[in-house]
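# Overview (structure and organization)
The lines below spell out each chain.
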Amino acid sequence: MGQLCWLPLLAPLLLLRPPGVQSAGPIRAFVVPHSHMDVGWVYTVQESMRAYAANVYTSVVEELARGQQRRFIAVEQEFFRLWWDGVASDQQKYQVRQLLEEGRLEFVIGGQVMHDEAVTHLDDQILQLTEGHGFLYETFGIRPQFSWHVDPFGASATTPTLFALAGFNAHLGSRIDYDLKAAMQEARGLQFVWRGSPSLSERQEIFTHIMDQYSYCTPSHIPFSNRSGFYWNGVAVFPKPPQDGVYPNMSEPVTPANINLYAELGVSVQYATLGDYFRALHALNVTWRVRDHHDFLPYSTEPFQAWTGFYTSRSSLKGLARRASALLYAGESMFTRYLWPAPRGHLDPTWALQQLQQLRWAVSEVQHHDAITGTESPKVRDMYATHLASGMLGMRKLMASIVLDELQPQAPMAASSDAGPAGHFASVYNPLAWTVTTIVTLTVGFPGVRVTDEAGHPVPSQIQNSTETPSAYDLLILTTIPGLSYRHYNIRPTAGAQEGTQEPAATVASTLQFGRRLRRRTSHAGRYLVPVANDCYIVLLDQDTNLMHSIWERQSNRTVRVTQEFLEYHVNGDVKQGPISDNYLFTPGKAAVPAWEAVEMEIVAGQLVTEIRQYFYRNMTAQNYTYAIRSRLTHVPQGHDGELLCHRIEQEYQAGPLELNREAVLRTSTNLNSQQVIYSDNNGYQMQRRPYVSYVNNSIARNYYPMVQSAFMEDGKSRLVLLSERAHGISSQGNGQVEVMLHRRLWNNFDWDLGYNLTLNDTSVVHPVLWLLLGSWSLTTALRQRSALALQHRPVVLFGDLAGTAPKLPGPQQQEAVTLPPNLHLQILSIPGWRYSSNHTEHSQNLRKGHRGEAQADLRRVLLRLYHLYEVGEDPVLSQPVTVNLEAVLQALGSVVAVEERSLTGTWDLSMLHRWSWRTGPGRHRGDTTSPSRPPGGPIITVHPKEIRTFFIHFQQQ
């Protein structure tokens, strides 16, 4: 499988000789000892802490104290924080502070983890950086200035923007495609200024260094010995580290006696921090080439080693992580709205902050490049899932407490009885800062219901047999909710409800069933088409095949052929027979083949929603289906703004359990002349054009790309958009085709995989969701971003049983809404609860006096982050800069008395942040700031395309 380095203590060699600079003296080489604790794919946090982290940090502090020339950089705060809070003695804490003061210990990146770049969402990247930076600033008053991303499997073009906004001066990466790295190394082009955003360009650029082909790993042509490079190898020992500090398989240390084995050719070697290296490089003041907004994905290490399998590995964990993130997002603003302008109940803020922090940390840790990627062992996956589930449970308890305080008097809860509850109440919260019209689905135990709102008025609703729970019913409710606001509903059973019951009871859907159709019966396809329509689309279904046939889109008045089916790649599991697929790698031997032989279909038609349910069987006699598609079109009643709701086809899939060594894809084939080009997103932030490239080997896998949130293909007239609630691998293997990998189940006999239980024998059934948008370029451009957020942040429903009479519900306008323009997204509204002063001088003085932060969490400081959704020139209206008055936008929370603009993670006053500038051509000189000039802080702000702006908001105390 090639070189995989996961070692806890590393020291790469960085040479100071940039292109175009002739050195008269010896070349300076910087050895940067560091630890990023990359053992999380094998061991749980607790095991890693016992086996590695406690010993590493304890011994590092001890060894650094023994020599002034010694240096060390620390990367991930999750392990350091655990060591600091639970292991470090007062003496060791004093030594750490001294080492930081002297610059011999340096924190780089400073996030909770070293996050993956391919399958993580920008929101979660920001979260984990913010949590780590908050800890470092609160504890030490320091703010990391350099990033160290040596392990993620490929590099996203979002990364330079993210790290520039965080205040970093330079960035170091490593893992890019082996062919590209070789070419760049040959051209001495591994260092450059990266302008990751086409809209922000040089305003948020960052100097980037890519490690050479050896990275921090053993050169493959050198026998594994003391010449294995500047790192220290070792295998974990449980339950305690060896007393002499010597681990099995441990490399010999570098000493004056053997230094000649590592440096020759007149190289001057010194221990250094990453900052030492970049400061020396910056001082040269040479001119660097510029790299544009293209990413470094996918990542391959050899001809048959395309690291594109992890885009889909452990799909269930990917889905759980995104649901947890969405719940946290809603909980943050819900708690902020609860406290401001004044608390409306008896909730303990300290307990509330504990629930928020627990989920923040759980969501942060799963962004690790061996976590959400699905490249960890099963026991580590279970640890992540447990942490996420526990955090989500605490968050739902917090939300329930807030809602019960909102309901005056409290809704009477049903006592346990054989008769069951008298009904239900549902509180629905919209976490987006726009008015949202959507359908929420609840499961109830009675076939006839009456749904009323806060004023007692009937609400449009529909009831049908549940697809998940036998003998239960799905209740679909149409709701319109202002931004950051609630709607409350009473749900009561109706006596003797029969099919066809009209308002005020929920309408009952009817079902039309179609028997199984064989895949081979295609000669008469298209003769009998069944239409399913709403006000935006007509979906035509082929009665001869039970497959989708085409979609007519109203605005463009165009019909596009669209067919969907499931296929499987059959992959090899025997290393003796050739290349294998595993958690990381996707290595198909040949093209995918259909995974079904027969399809059954039913259409469930209602006044609000029509569902198309297609069940795919492996053969005509199979008792159970392996795959399913449930498609939903919504009929928006008059009087409701349903533009987003009407213009999407919601699809939920079922895939699994798979047979062994199968990789399942959903292929959508159209008559769009796409030229085999697709577009997929970097981290939900920006799109990348992905033309199909033919390679000598492994073309299928090397043309797979990550889709975190959206993708599309198009021709000159129409565009088909896919929106996703979790990450997937995506590819176009033919003109007009797009395929999404949904699930993987693999086993192989590679010793390394077997030794660490990394064979991905995943027997689960997954239920991913995609929304489809079809229309003109202008229509889909206007709707794609907001629709993606509507999927990512669906309303949160809190559902309870009623006993006796219905509670008096608060009116829909009792709490004033928070509303932003349609091109501006509320990325966060939160009370972080940090204990440090926003004034850096004051905070530094407090730390020097031994005051490690305030005694109480600061509940008065509200973190606000706004994000412009559109690129320059993407839309004639929505791509314009947008000016908002924060006093007006936030008036529902109280009177704004102060607005402080901050760096991305909040630790810098933006007016005090002066990042390094790197010479890229005439007119740009070293030392020039790359931060845009801003007027003094005030409530009226302008946000330009793709900008992300962060603020501390202070409100008038009530």
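Going by an unreviewed UniProt entry, the protein chain carries the name Alpha-mannosidase and comes from Homo sapiens. Taken verbatim from the UniProt record of the protein chain, the Catalytic activity (unreviewed entry) comment is "Hydrolysis of terminal, non-reducing alpha-D-mannose residues in alpha-D-mannosides." As stated in UniProt under Sequence similarities (unreviewed entry), the record for the protein chain gives "Belongs to the glycosyl hydrolase 38 family."

## Remarks on the pattern of salt bridges
Scanning the entire structure with this criterion turns up 39 salt bridges. The salt bridge partner of Arg690 is Asp295, with a shortest N-O separation of 2.9 Å. Here Arg690 is found in strand S35 (residues 686-691), whereas its partner Asp295 is found in the loop between strand S13 (290-291) and strand S14 (300-302), with 395 residues between them in sequence. Here Arg690 matches Asp295 in class, with each residue buried. Two residues, Glu568 and Arg618, come together in a salt bridge whose shortest N-O distance is 2.6 Å. Here Arg618 lies in the loop between strand S30 (609-617) and strand S31 (627-634) and Glu568 lies in strand S27 (residues 558-570), a separation of 50 residues in the sequence. Through salt bridges that share partners, Glu62, Glu63, Arg66 and Arg70 make up one connected network.

## A look at unusual backbone geometry
Residue Pro298 is bonded to the preceding Leu297 through a cis peptide linkage, with omega at -5°. Relative to the elements of secondary structure, Pro298 occurs in the loop between S13 and S14. The omega torsion across Trp340 and Pro341 is 10°, close enough to zero to call that bond cis. Take Pro341: it is sitting in the loop between helix H8 (315-339) and helix H9 (349-365). Positive phi values are uncommon outside glycine, yet Gln676 reaches one of about 60°.

## As for the environment of Pro303
Within the fold, Pro303 resides in the loop between S14 and strand S15 (305-306). Using a relative accessible area of 33% as the deciding quantity, one classes Pro303 as partly exposed. Taking the C-alpha atoms as reference points, Pro303 and Tyr695, 392 residues apart in sequence, are found 9.0 Å from one another. What Pro303 contacts, discounting residues up to four positions off in sequence, is Tyr178, Asn697, Asn698 and Arg702.

## Re the sheet that holds strand S42 (residues 796-802)
Paired through backbone hydrogen bonds, the strands of a sheet run either parallel or antiparallel to each other. Ordered in space as S18-S21-S16-S42, the four strands form an open sheet in which the pairing is antiparallel. Either end of the sheet is taken by a strand with one partner, and the two such strands are strand S18 (449-452) and S42. Within the sheet, the average angular offset between the axes of one strand and its neighbour, ignoring direction, is 20°. Of the pairings in the sheet, the one linking S18 to strand S21 (residues 485-493) comprises four bridges and is antiparallel in character.

## Comments concerning the nonpolar core
Of all hydrophobic cores here, the largest spans 124 residues; its most connected members are Trp148, Phe278, Phe335, Leu388, Leu826, Leu864 and Ile953. Here the element with the most residues in this core is H8; it accounts for twelve residues. Residues in contact with Ile953, not counting those within four places in the same chain, are Arg860, Arg861, Val862, Leu864, Leu886, Leu890, Val896, Ala898 and Val899. Among the nonpolar cores identified, the runner-up in size contains 67 residues, and Phe514, Ile730, Val738 and Trp771 belong to it.

## Structural notes on the pairing of strand S37 (residues 710-714)
Across the five residues of S37, five count as buried, placing the element largely inside the fold. The two faces of S37 match: Ser710, Phe712 and Glu714 on one face and Ala711 and Met713 on the other face are all buried. Summarising the sheet, strand S34 (residues 677-682) and S37 pair through two bridges and their orientation is antiparallel. In the strand pairing of S37, Ser680 is matched with Ala711. Counted between consecutive antiparallel strands, the loop separating S37 from strand S38 (residues 719-724) contains four residues.

Definitions and limits used
Within each chain, residue numbers correspond to sequence positions counted from 1 in written order. pLDDT decides what is reported in this predicted model: residues at 70 or higher carry local features, side-chain atom pairs at 80 or more are listed and counted, and totals for whole chains, interfaces and linings draw on all residues regardless. Excluded from the side-chain calculations are hydrogens and water; all other atoms, namely the structure's heavy atoms, are used. UniProt positions are given in the numbering used here, feature names are shortened, and annotations may be inferred rather than shown by experiment. The rule for a salt bridge is simple: a side-chain nitrogen of Lys or Arg has to be within 4 Å of a carboxyl oxygen of Asp or Glu. Helix and strand definitions follow DSSP, with helices as H or I runs of at least four residues and strands as E runs of at least two, each counted in order from the N terminus. Each residue is assigned to one of three classes by its accessible area relative to the maximum for its type, calculated with a 1.4 Å probe on protein chains only: buried under 20%, partly exposed between the two thresholds, exposed over 50%. Contacts are assigned to residue pairs that have any heavy atoms within 4.5 Å of one another. Two strands qualify as a pair provided DSSP detects at least 2 bridges between them. Throughout, an axis means a line fitted to C-alpha atoms (over the contacting stretch in the case of helices), and angles, computed between N-to-C directions, take values from 0 to 180 degrees. Take the buried Ala, Val, Leu, Ile, Met, Phe, Trp, Tyr and Cys residues and link them wherever side-chain atoms come within 4.5 Å; each set so joined is a nonpolar core.

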